[in-house]
Amino acid sequence: MSASTFRMYRAIPGAALKDSDTKNGALLFPSLTTTVPKELVHRASIAEVMLTDWMRVSDDHFTIDAQWPRAHSFFTAVDGCHDPLIVAETIRQAGILLAHAEFSVPLDHQFLMWDLAVTVDPANLRVASTPSSVSLEIFCKDIKYRRNELAGFHYDVVIRLDDQIAATGGATFSCASGKVYERLRGDRREKLQRQLPLTAPTAPQDVGRVSPMDVVLSPIGEPNRWQLRLDTRHPVLFDHPVDHVPGMVLLEAARQAAVEALGHSLPIAITSEFQRYVELDAPCVIEVCRVAGTHADGGGSVLVTGRQYDETVFRSTVTMAPTPA
């Protein structure tokens, strides 16, 4: 796909005419909205696609439009605000979209996220009476190529809702062809056949959840430590079959561990680094410790660490908003 924008160009009876393309003889209806192709953001379900449009401003500067629903089956509102993890998912999708649509990465290439950060302003993240149309301004840097193909880049994101800055963030990823990925992952097909059995969830109310199926932590009888709970049937966290634990599952584990430690479920900042693939066939232990400066009102920060095979696989610093009065 080589176009720098994704728009509806069909004449539809009853739709208000906004513009015309005399060169191509087409009627343009830019007020009509649809999601970008799900393949461009690595989603199997159209319902999980947040992005609706994009445009190139310069070689490293882009704008992307997105929409957040008023209610989502997994990214549920917190204290009347959109879930900060839907912001993180939107940032994740934005990088993959640009890689495919603007940097010509083939659809069969694999992506590895090295870090992802998001900071939100709850006052500008309120759920309204209609779905929220948001705009992303994206600046790419450290763009790397290998044999004239994109190898990865870092991107910084500013997200606006109703012309107010609702969130900022960024991420770094690398991408590889199917053959390179096969060499990196080796016996991944065998590992898919020996996934761990599903473990019992921690009490949902202790980690800011309502349904046990949305809990990604299992108790192991030790304070501030859990086993990562992997339900590969989960329709959002495991939207499609994968050979390792998705980064969004790790972010959710960090959020749930922070809720357990600090007693409040609205994260206002999450900064995560992913050092290694987290495998599906071995236990991953999640540990949380408070960061100096945590407040008694429920605000403050925690460091969440994931370890597998006695090695650190990811770290996440989560800062929670103070508990509302």
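What counts, and where the lines are drawn
- Along each chain, residues carry numbers from 1 onward, in the same order as the chain's sequence is written.
- A pLDDT threshold of at least 70 governs which residues receive local features in this predicted model, and a stricter bar of 80 or more applies before side-chain atom pairs are shown or counted, although totals over entire chains, interfaces and linings include all residues.
- Side-chain figures throughout are based on the complete set of non-hydrogen atoms in the structure, without hydrogens or water.
- A run of DSSP states H or I qualifies as a helix once it reaches four residues; a run of E qualifies as a strand once it reaches two. Both are numbered from the N-terminal end.
- Whether two residues touch is decided by their heavy atoms; if any such pair falls within 4.5 Å, the residues are in contact.
- Calculation of accessible area relied on Shrake-Rupley with a 1.4 Å probe; when residues are assessed, cover is drawn exclusively from the protein chains displayed.
- A helix is expected to span 1.5 Å multiplied by its residue count minus one.
- Burial status follows relative accessibility: with a 1.4 Å probe on protein chains alone, a residue under 20% of its type maximum counts as buried, one over 50% as exposed, and anything between as partly exposed.
- As a per-residue measure, pLDDT tells how confident the predictor is, with possible values from 0 to 100.
- One side-chain nitrogen of Lys or Arg within 4 Å of one carboxyl oxygen of Asp or Glu is enough to make a salt bridge.
- For helices, the axis comes from a line fit to the C-alpha atoms of the stretch in contact; other axes are also lines fit to C-alpha atoms, and the angle between any two N-to-C directions lies between 0 and 180 degrees.
- Small angles under 35 degrees read as roughly parallel and large ones over 145 as roughly antiparallel, with 65 to 115 read as roughly perpendicular and the rest as oblique.
- What makes a crossing left-handed is the near helix being turned counterclockwise from the far one by less than a right angle; a clockwise turn instead makes it right-handed.
- Charged means Asp, Glu, Lys or Arg here, nonpolar means Ala, Val, Leu, Ile, Met, Phe, Trp, Tyr, Cys or Pro, and polar covers whatever is left, Gly included.
- Any two strands with at least two DSSP bridges between them are considered paired.
- Ring geometry is summarised as follows: Phe, Tyr and Trp rings, the Trp one being its six-membered ring, pair when their centres sit within 6.5 Å, and such pairs are stacked at plane angles under 30 degrees, edge-to-face over 60 and tilted between the two.
- In this analysis the charged atom, NZ for Lys or CZ for Arg, is taken to sit over a ring once it is within 6 Å of the ring centre and within 35 degrees of the ring normal.

Enquirer: Just checking my understanding: could you explain the overall build of the protein for this structure?
Expert: Counting its regular elements, the protein contains four helices and 14 strands. Pairs at least 24 apart in sequence give 63% of the contacts found in the protein among residues at least 6 apart. In the form shown here, the protein has an accessible surface area of approximately 15,500 Å², with 52% of it arising from carbon and sulfur atoms.

Enquirer: Honestly, helix H4 (residues 247–262) in this entry has me stumped. Any pointers?
Expert: In this model H4 runs 22 Å from its N-terminal to its C-terminal C-alpha over 16 residues, within 8% of the 22 Å that 1.5 Å per residue would give. Across the 16 residues of H4, 14 count as buried, placing the element largely inside the fold.

Enquirer: Would you take a moment to explain the environment of Tyr309 for this structure?
Expert: Among the structural elements, Tyr309 can be located in the loop between strand E13 (300–308) and strand E14 (311–320). Tyr309 gets classed as exposed once you look at its relative accessible area, which sits at 51%. As for Tyr309 and Val278, which are separated by 31 residues in sequence, their C-alpha atoms are 9.8 Å apart.

Enquirer: I would appreciate a short explanation of the confidence of the model for the protein in the present structure.
Expert: Per-residue confidence for the protein gives a mean pLDDT of 90, with 86% of residues at or over 70. Per-residue pLDDT stays below 50 along residues 1–5; that stretch engages in 15 contacts with residues further than four places along the chain or on separate chains. Per-residue pLDDT stays below 50 along residues 10–17; that stretch engages in 12 contacts with residues further than four places along the chain or on separate chains.

Enquirer: I would appreciate a short explanation of the environment of Glu287 in the present structure.
Expert: The residue Glu287 is located in strand E12 (residues 285–290) in this model. Taking the C-alpha atoms as reference points, Glu287 and Leu228, 59 residues apart in sequence, are found 9.9 Å from one another. Look past the residues within four positions of Glu287 in its chain and what remains in contact with it is Asn224, Arg225, Leu303, Val304 and Thr305.

Enquirer: Just checking my understanding: could you explain the pattern of salt bridges for this structure?
Expert: Side chains that carry opposite charge are capable of pairing whenever their charged atoms lie near each other. Summed over all chains, the structure comprises 17 salt bridges. For the salt bridge of Arg276 with Glu311, the shortest nitrogen-to-oxygen distance reads 3.2 Å. With a gap of 35 residues between them, Arg276 in the loop between strand E11 (267–274) and E12 and Glu311 in strand E14 connect regions that are remote in the sequence. Note on Glu311: relative accessible area 36%, which makes it partly exposed. Within this structure, Arg43, Glu89, Arg92 and Asp239 form a network of salt bridges that share partners.

Enquirer: Can you help me understand the packing of helix H1 (residues 84–101) against H4 in this one?
Expert: Close contact between H1 and H4 brings their axes to 11 Å; oriented N to C, the two are set at 160°. Here H1 lies roughly antiparallel to H4, going by the angle between them. The chirality of how H1 crosses H4 is right-handed. Contacts from Leu85, Ala88, Glu89 and Arg92 of H1 reach H4 at Met248, Leu251, Glu252 and Arg255. For the contact of H1 with H4, a count of residues per class yields four nonpolar, no polar and four charged.

Enquirer: Would you mind showing me how to read the sheet that holds E11 here?
Expert: Neighbouring strands of a sheet are bound in pairs by backbone hydrogen bonds; such pairs are parallel or else antiparallel. One open sheet holds the 12 strands; their spatial order is E3-E4-E6-E7-E8-E5-E11-E14-E13-E12-E10-E9, and the pairing between them is antiparallel. Only two strands of the sheet have a single neighbouring strand rather than two, namely strand E3 (51–58) and strand E9 (217–219). Ignoring which end each strand starts from, the neighbouring axes of this sheet average 25° apart. Across 10 bridges, the pairing between strand E7 (residues 149–161) and strand E8 (residues 164–176) is antiparallel. Looking across to E8, one finds that Asp156 is bridged to Gly170. Sheet strands touched by H4: strand E5 (110–120), E9, strand E10 (225–228), E11, E12, E13 and E14. Its angle to E14, the strand with the most contacts, is close to 55°.

Enquirer: Can you help me understand the pairing of E3 in this one?
Expert: Bridge count for E3 against strand E4 (residues 61–68) is six bridges, and the pairing is antiparallel. Opposite Trp54, over in E4, you have Ile64 as the bridge partner. The turn joining E3 and E4, which pair antiparallel and follow one another in sequence, is formed by two residues.

Enquirer: Looking at this structure, I do not really get the packing of aromatic side chains. What am I missing?
Expert: What characterises a pair of aromatic rings is the spacing of the ring centres plus the angle enclosed by the ring planes. What the rule picks out here adds up to eight aromatic pairs. Taken together, the aromatic side chains of Phe62, Phe103, Phe111, Phe153, Tyr155 and Phe173 make up a single cluster linked through ring pairs. Lying across the ring of Tyr277, Arg185 places its NZ or CZ 4.3 Å from the centre. Here Arg209 stacks its cationic end above the ring of Phe74, 4.0 Å away from the centre of that ring.

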